[in-house]
Amino acid sequence: MKKYVSIILLFFFISFGANAQEKKLEMALDSPAKQDSLKQKVDSTALRIASAYVWKITPRLGEREMTVRDSAAVDFHQSSLVDGKDVAVGYLGNIGSPAQSKIFFNRPETSRFTFLNGFDYWRKGPEDQLFLNTKIPYSNIYYQSGGGGERKEERLRTELSSNFGKKLNVGFNFDYLYARGFYNNLYNRQISYDFNASYIGDKYQMHAFIANNNYNNSENGGIRDTMYITNPNAESIKSTTFRGSSLDIPVRIQGGGLWNRLRGRHVYLTNRYNIGDDMEEYAVNDSVNRWRKKKDYIAPASVILTTHYNDQRRLLHANNTDMDDLYLNFKNINGDVADGPKYVGPMDDYMSYFSLKNTLALAMNEGFRSWMKFGLTAFIEYDMRRFSVPGSLPGLHDRYSEDAVFIGGVLSKEKGKYLRYRAVGEKDLLNSDFKLEGELTTMLNFKGRDMSAKATAYIKNITPSFFENRFSSKLWNWDTQFNDTKRVFIGGEIEVPFTKTKISGGVENITGYIYYGPNGLPAQRTGSVQVVALRIDQQLEKGIFHWDNQVVYQTTTDDEAIPLPSLSIYSNVYLKTRISKVLTLQLGADARFHTKYYAPGYEPLTMQFFNQRNQEIGNFPISTAYVNLHLKNTRFFLMMYNVAQGMGNSNYFSLYRYAVAPRVLKMGVSWNFNN
């Protein structure tokens, strides 16, 4: 840990010394308030980055979408929790562990490298990177800690960003996570870092992103007997060596016998060149003409070239041969019982994925003429994919290739107050994948006050990923061919700012849904499944008293294929006030609750969440008591997690056999530097 801190401090010193002269640069920065495409509202108590604006990009075309940083002083403590990623989240009980939203419409599509599905909250791609343009060098240090001794968890994140002139910005991010685990053999360690750069010129724009991820997870297979949590005073528990500590609870995989290690990298570069003449000649007097840039000039067209290299590797390792006894049913996906393990000795299975995408696009830009009220982009993309799985003997690998050629287009209107829209269509010429997605936003007027409304819809045909069709390891193996999955969705959202209310919902029909069944192996529904959801976000306040609520109702026509809690609630009651005009205080308690349902389990061999019918989980609040403080460029929190432990049925499980951390004290600090 000390060496990483030393490296970061050295990087700070070099960065500040090299960029000290940049403070005096006058930069032609647009105000974030003037950006038509600003996607999020700024919290009035948020920390500001002096003279800076922030954006994300669409990964295929590198289009900029203005946004704001996660710098709000309110609810800062949620940044340290896996639970805080959504209204309801299922995870293994440890920060850095695989996790899945229990809100179905918030789950992303399955990754081509399926082992990353559980790391959506931790992994970072070019679409997740925040690009900055800042007058003075900006940096941030974030640190969180919880528990102590054998159960301690820590996370350190740093961010550096600096401009070199008006147009070029370079940044560096580092993320180190170390969690020993509150239950045996649940150790996590993650090291991720990335370099990013942007160049925003009049003619040429560029975004670059180079990242590495390194995840190490020790697997325990979950708690052996859930009564250690729900009924620790039972006679069957008292007769064991259990003395109340979570580390005394037996787990299914003892002795640190199984490890999942993920390594990967992104190398991403998108270039945009604007076609057109942005200069005009004007008369200084009767005899002298000069040239100047056209006012409010918009290029008629742009050429876009994007290259994205991504490779990911997974190592499944176990020294403990007792793993063979845990997985006695060596069944393949067709239900046939295998003779036994593929090979004798420690498990050492390696799988990999490689993708190289090149995209060429031509865009006709919105507004380059008064009659041009929309933008239109056409693109072609070639994706070369390569896969590797263990062969018939240890050390041997079977390699496969797959290619995709997408053609498509984007029709969009991003300017204007009362009507904006974006439609994207794409078709794979070599395979059966296609997508048609649309979003429309408008403003409504109610008694002289504005409300926003948004409608979204899509139709998708998705081919199964390689690792859904084919899996190879010492213990489990299958080679099959699933059918395509067809998804049709329509939904909407209404936001009423003057009442601080947002109502959203949708309905989706899925045909050929692929999931992992009770045996841990993939299966496919031949018919269709419908999911309907309705969500209400409401903020109430009276003086310093605040009460924020998020309520999600979900229903599914097939809870064996898509099990969901019918009702999920997040409620947060707090007092917020200023002390001595410089210190903001938030003092409160919050809780997350969902109704009972057959929550998924987690299978370490496949790294997938699987459906089960053995135990229902829910009807217990995961609650915290906290205090958040904000002083100028510094935020701090202190909280007690899982304060309801020991109350009621103590059913504080997040997934089948996986409980969240017991009651524990956590703290964190975020410190911005602008100098």
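Residues numbered from 1 in each chain as written. Predicted model: local features only at pLDDT ≥ 70, side-chain atom pairs only at ≥ 80, totals over all residues. Heavy atoms only, no water.

### Things to note about the overall build of the protein
Step number 1: Check the secondary structure of the protein and you find 5 helices and 37 strands.
Step number 2: Across the 675 residues of the protein, 49% fall into the buried class.
Step number 3: For the protein, the share of sequence-separated contacts (at least 6 apart) that also reach a separation of at least 24 residues comes to 66%. (Helix = DSSP H or I, 4+ residues; strand = E, 2+ residues; numbered from the N terminus. Buried < 20%, exposed > 50% of the residue type's maximum accessible area, 1.4 Å probe, protein only. Contact = heavy atoms within 4.5 Å.)

### Focus: the packing of aromatic side chains
Two descriptors summarise a pair of aromatic rings, namely the distance from one centre to the other and the angle between the planes of the rings.
Step number 1: Tallied over the entire structure, the rule returns 32 aromatic pairs.
Step number 2: Plain terms: the ring middles of Phe-113 and Tyr-353 are 6.1 Å apart, the flat faces sit at 20 degrees to each other, and that makes the pair stacked. One end of the pair, Phe-113, is in the loop between strand S4 (99–101) and strand S5 (131–134); the other, Tyr-353, is in strand S15 (residues 347–364), and 240 residues separate them in sequence.
Step number 3: Accessibility expressed as a relative area gives 8% for Tyr-353, which makes it buried. (Phe/Tyr/Trp six-rings, centres within 6.5 Å; stacked < 30°, edge-to-face > 60°.)

### Section: the pattern of salt bridges
Step number 1: On inspection of all chains with the given rule, the structure shows 27 salt bridges.
Step number 2: Here Asp-120 and Arg-123 are joined by a salt bridge, their closest N and O atoms 2.5 Å apart.
Step number 3: A salt bridge links Arg-525 to Glu-560; the shortest N-O distance between them is 3.7 Å. With Arg-525 in the loop between strand S26 (522–524) and strand S27 (528–542) and Glu-560 in the loop between strand S28 (545–556) and strand S29 (567–579), this residue pair connects regions lying 35 residues apart in the sequence.
Step number 4: Residue Glu-560 is classed as partly exposed on the basis of its relative accessible area, which comes to 44%.
Step number 5: One salt-bridge network, in which partners are shared between bridges, spans Glu-109, Lys-435, Glu-437 and Lys-460. (Salt bridge = Lys/Arg side-chain N within 4 Å of Asp/Glu carboxyl O.)

### As for the pairing of strand S12 (residues 279–283)
Step number 1: Bridge count for S12 against strand S13 (residues 289–293) is 5 bridges, and the pairing is antiparallel. Bridged to Tyr-282 within S13 is Arg-290. (Pairing = 2+ DSSP bridges.)

### Details of the pairing of strand S18 (residues 419–428)
Step number 1: The pairing of strand S17 (residues 397–413) with S18 spans 8 bridges and is classified as antiparallel. Paired with Gly-409 across the bridge in S18 is Gly-425.
Step number 2: The antiparallel hairpin formed by S17 and S18 contains 5 residues in its connecting segment, where Gly-416 sits at a positive phi of about 105 degrees.
Step number 3: In the sheet, S18 pairs with strand S19 (residues 434–446) via 9 bridges, with the strands oriented antiparallel. Counterpart to Gly-425 in the pairing with S19 is Leu-436.

### Focus: the environment of Asn-614
Step number 1: By the secondary structure assignment, Asn-614 is in the loop between strand S32 (608–610) and strand S33 (622–631).
Step number 2: Placed 15 residues apart in sequence, Asn-614 and Ala-599 show a C-alpha to C-alpha distance of 9.6 Å.
Step number 3: Residues contacting Asn-614, with those up to four places away along its chain left out, are Tyr-598 and Tyr-656.
Step number 4: Within the structure, the side chain of Asn-614 is placed 3.2 Å from the side chain of Tyr-656, a separation counted as a polar contact. (Polar contact = N/O pair within 3.5 Å; in protein donor to acceptor, adjacent residues only side chain to side chain.)

### Observations regarding the sheet that holds strand S1 (residues 52–57)
Step number 1: Pairing is antiparallel in the open sheet, where 3 strands are placed in the order S2-S1-S5. Looking at strand neighbours, the two that pair on one side only are strand S2 (64–67) and S5, the edges of this open sheet. Pairwise comparison of adjacent strand axes, ignoring direction, gives a mean angle of 35 degrees for this sheet.
Step number 2: As judged from the 4 bridges shared by S1 and S5, these two strands associate in the antiparallel manner. (Axes fitted to C-alpha atoms, helices over the stretch in contact; angles between N-to-C directions.)

### A closer look at the side chain of Asn-310
Step number 1: Along the chain, Asn-310 turns up in strand S14 (residues 301–318).
Step number 2: Judged by relative accessible area, which is 13%, Asn-310 ranks as buried.
Step number 3: Each residue touching Asn-310, except ones within four places of it in the same chain, is listed here: Arg-265, His-266, Tyr-353, Phe-354 and Ser-355.

### Some points on the side chain of Lys-474
Step number 1: The residue Lys-474 is located in the loop between strand S21 (470–472) and strand S22 (477–479) in this model.
Step number 2: Among the polar contacts made by the side chain of Lys-474, one reaches the main-chain carbonyl oxygen of Gly-345 at a distance of 2.4 Å.
Step number 3: Among all residues touching Lys-474, those that are not within four sequence positions of it are Asp-324, Pro-341, Lys-342, Tyr-343, Gly-345, Pro-346, Met-347 and Asp-349.

### Points about a nonpolar patch on the surface
Step number 1: Side chains of Tyr-204, Tyr-273, Ile-275, Val-303, Leu-305, Leu-360, Leu-362, Ile-380, Ile-407, Leu-429 and Leu-430 sit close together on the surface and give an oily, nonpolar patch of about 960 Å² of accessible area.
Step number 2: Elements with a minimum of two residues in the nonpolar patch: strand S11 (258–275), S14 and S15.
Step number 3: Structurally, Ile-380 can be placed in strand S16 (residues 375–390).
Step number 4: Given a relative accessible area of 40%, Ile-380 falls into the partly exposed group. (Patch = residues over 30% accessible without salt bridge, like charges linked within 9 Å, V, L, I, M, F, W, Y side chains within 5 Å. Areas by Shrake-Rupley, 256 points an atom, 1.4 Å probe, with all protein chains shown as cover.)

### Quick look at the environment of Leu-305
Step number 1: Its location among the elements puts Leu-305 in strand S14.
Step number 2: Along the sequence, Leu-305 and Gly-62 sit 243 residues apart, while their C-alpha atoms lie 9.0 Å from each other.

### A closer look at the environment of Arg-470
Step number 1: By the secondary structure assignment, Arg-470 is in strand S21.
Step number 2: A C-alpha to C-alpha distance of 8.6 Å links Arg-470 and Val-389, two positions 81 residues apart in sequence.

### Digging into unusual backbone geometry
Step number 1: In the Ramachandran plot, Asp-296 falls in the positive-phi region, its phi being about 55 degrees despite a non-glycine side chain.
Step number 2: By secondary structure assignment, the location of Asp-296 is in the loop between S13 and S14.
Step number 3: On the basis of relative accessible area, Asp-296 is assigned to the exposed category, the value being 68%.
Step number 4: With phi around 55 degrees, Lys-500 is a residue other than glycine that occupies positive phi space.
Step number 5: Mapping Lys-500 onto the fold places it in the loop between strand S23 (485–496) and strand S24 (501–511).

### What to know about the confidence of the model for the protein
Step number 1: For the protein, the mean per-residue pLDDT works out to 88, and 90% of the residues sit at or above 70.
Step number 2: Ranking the elements of the protein by mean pLDDT puts helix H1 (residues 2–18) last with 42 and S28 first with 98.
Step number 3: Low pLDDT (under 50) marks residues 2–50, which in the prediction has 94 contacts with non-local residues, meaning those over four places away or in another chain. (pLDDT = per-residue confidence, 0-100.)

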